[in-house]
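Listed below, chain by chain, are the residues.
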Amino acid sequence: MDASAGQAVTEINDPQTAPAALRADHAAPERLVLARGVFSGPAPQINDDLYAVVKGKVTRERFALRLEKGASVSTNTYFGRFAAAYWQRWTRVTAVEVGMTLEVTGKTRIRLAASDIAGHRRVVDTAVVREAGRVTLHAPLDMYIDGGAIWLEIEALGGEAVITDLEWTAPAPDHVRPVAIAICTFNRAQDCANTLAALASDAIVLNAIDAVYVVDQGTDLVQDRPLFTETQPKLGDKLRYLRQPNLGGAGGFTRGLYEVSAANEHADVILMDDDILCEPETVLRLNAFANLTVEPTLVGAQMLFLFNPDYLNVGAEETDLAKLKHGQKVAKALRNTSMLKKHQERRVDAGYQAWWTCLIPAEVVKQIGLPVPVFFQWDDVEYGLRARKHGFVTVTLPNAAVWHADFYWKDFDDWARYFSSRNSLIVSSLHHDLDPKAITRQLLREIGEYLVGMQYGLAHTTLQGIEDYLRGPEILRDGGIEALAKARGSRGDYPETIKHPAATSPIPNAHFGLRRAGGEPSRPLLVLFKRALKQWTGRTIPGVVGITREDAHWWHVGLFEQVVVTDASQSGVRIRKRDKETARRLLLRAIRVLRQLRKELPDLQNRWRAAVPELTSRENWERLYGIR
């Protein structure tokens, strides 16, 4: 590790070097703040209507509103609502109070409104204010188990009203758990510095955080950014900056879990991506929720899209391990939905929580160990599933979110597919009894679709992942460094993996036009065989055609001899060309590999399961980190 950055870098091989505040529980106030009234977003691109909807002449600040006579405001919004269903179901809280300071020059009416699972509105408390002071409304949490939320409606009827210091509170527990933020970063130095600055910008949130661990695994160092230098004094002794080899997200986040759980077995650690747009209020809400759950609970933030900031990725996720799938929408959860137009009334329970932002109690680490060193992808899935097996549930909390880059801007045909392929088999083996015939049939069909779609590099990368799964737990010996190099290096052998600028691609634009896709086939397996036969016999449509990203289905691409396909990032194009010999070689390889997988899968599952205690031990991670 490099200690050249002075105060910014603190070695943490000994838990006694952790901030003192992290090493002990804290005395609790009489009431714990569960959420604050926030009325505008943390960045200009965020629509303030996610926080409060106003009518009439209203002036907003982040934590204050000024309503002129006749104006009104409702917090029946994404960040303005209180997720009553989740608090009643998972915490000790039986009632909440909503307090605010008002300055008024005339009559002001306040309603505390609530919804049920179907979104029907009702009023649970009211107040009419004619003079300045502190106003408190009350709401029992007794009618929300399956769904519903609570919000405020305020009308300035007789004159101006100024609202400040709005807080949702409940009786505090005996002690407040210490909490640390752990950010894993790799060559996203400015993004990481922005996230740190966002955390430091909110004095109340910063006061509630006991430590901030930055695990820098890159060569473009966060500590070299001017914004980091500006932010460092605000973080003070809470900041711990670590350098280590690139062990992927699994290695970076695990380092945070490793350090925090060593410092205090009753602490919480919030894992946080480096490249998010951070809403500091989300940290406060996750932390409050975790302090009041009946049992130690993994608490996750929802994800809003960074490029489409009012859109929710998904309300809660689960897995379908029999089909090697994660990121599955929980039934009745919202997905890809504008939160300006809809509300998540129904309580939906997550199977796991992705680690764009997720709170994990140290008790979980103590009981189940650390994550599996799979480098990248599926590490968060595996940890959530293992935690549930040991009795620790996961809650994805509405009205607590960060913004993360939209997933559909990333092309599926990428080196990351290696880790997705390999790790889906690893995690599914650990937590499900896979059917060898069903799995190999599914994988053969997927690889067949890649070949028909002339994505030979994607087929190769997928097969690499399967082949390394077949090698057994030994493949994780170095934490994924060798696998990363191999996955990236070999893709260059397949020309269609290369992205070209659209205007200057090797094929002149005048030589081809766009061809749109028809409807999805009703008998896809039959169509797959037909497309494969036409490609094998050379009866594809000659020449070159252009295909947009939305039309780049295997059953459409497979009709042609050569296609220019828009990359999902919309930053270039990829050129796919039928190559019978490459397709034949990859198909034979797939048949051989999948035959081996079908034969060895039962024994492989046992080998992987037996390796978990060693793979997830502190000793194994210490070896990978090189700290012992």
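Residues numbered from 1 in each chain as written. Predicted model: local features only at pLDDT ≥ 70, side-chain atom pairs only at ≥ 80, totals over all residues. Heavy atoms only, no water.

Caption draft 1: Seen up close, a nonpolar patch on the surface. On the surface, Leu444, Leu587, Leu588 and Ile591 cluster together into a nonpolar patch covering about 300 Å² of accessible area. Element by element, the count of residues in the nonpolar patch is highest for helix α15 (residues 580-615), at three residues. The class for Leu587 is partly exposed, based on a relative accessible area of 36%. (Patch = residues over 30% accessible without salt bridge, like charges linked within 9 Å, V, L, I, M, F, W, Y side chains within 5 Å. Areas by Shrake-Rupley, 256 points an atom, 1.4 Å probe, with all protein chains shown as cover. Salt bridge = Lys/Arg side-chain N within 4 Å of Asp/Glu carboxyl O. Helix = DSSP H or I, 4+ residues; strand = E, 2+ residues; numbered from the N terminus. Buried < 20%, exposed > 50% of the residue type's maximum accessible area, 1.4 Å probe, protein only.)

Caption draft 2: Structural detail: the nonpolar core. Among the nonpolar cores identified, the biggest contains 92 residues, and Trp87, Met100, Ile110 and Ile150 are the most heavily contacted of them. Once you skip the residues sitting within four places of it in the chain, Trp87 turns out to touch Leu34, Phe82, Val93, Leu141, Ala288, Phe289, Leu292 and Leu397. Grouped together as the second largest cluster of nonpolar side chains are 48 residues, Tyr418, Ile426, Val565 and Val593 included. (Core = buried A, V, L, I, M, F, W, Y, C linked by side-chain atoms within 4.5 Å. Contact = heavy atoms within 4.5 Å.)

Caption draft 3: Highlighting the packing of helix α9 (residues 416-431) against helix α11 (residues 456-470). Two numbers describe how α9 lies on α11: the axes approach to 7 Å, and their chain directions differ by 35°. As for how α9 packs across α11, the hand of that crossing is right-handed. Of the residues in α11, those in contact with Arg417, Tyr418, Ser421, Arg422, Leu425, Ile426 and Ser429 of α9 are Leu458, Thr461, Thr462, Gln464, Gly465, Ile466, Asp468 and Tyr469. Of the residues belonging to the contact of α9 with α11, the class tally is six nonpolar, six polar and three charged. (Axes fitted to C-alpha atoms, helices over the stretch in contact; angles between N-to-C directions. Left-handed = near helix turned anticlockwise from the far one by under 90°. Nonpolar A, V, L, I, M, F, W, Y, C, P; charged D, E, K, R; others polar.)

Caption draft 4: Here's a closer look at a positive patch on the surface. Taken together, the side chains of Lys329, Lys332, Arg335 and Arg346 make up a positively charged region of the molecular surface. Mapping Lys332 onto the fold places it in the loop between β21 (325-329) and β22 (335-338). (Lys, Arg positive; Asp, Glu negative; His and termini not counted. Charge placed at Lys NZ, Arg CZ, Asp CG, Glu CD.)

Caption draft 5: Molecular detail of the pairing of strand β12 (residues 161-171). Pairing geometry for strand β2 (residues 31-36) and β12, over five bridges, is antiparallel. Note that in β12 the partner of Arg31 across the bridge is Pro171. Strand direction decides the pairing type here: strand β5 (residues 64-67) and β12, joined by four bridges, are antiparallel. Among the inter-strand pairings, Arg66 is bridged to a residue of β12, identified as Val162. Pairing analysis gives seven bridges linking strand β7 (residues 95-104) to β12, with the strands arranged antiparallel. (Pairing = 2+ DSSP bridges.)

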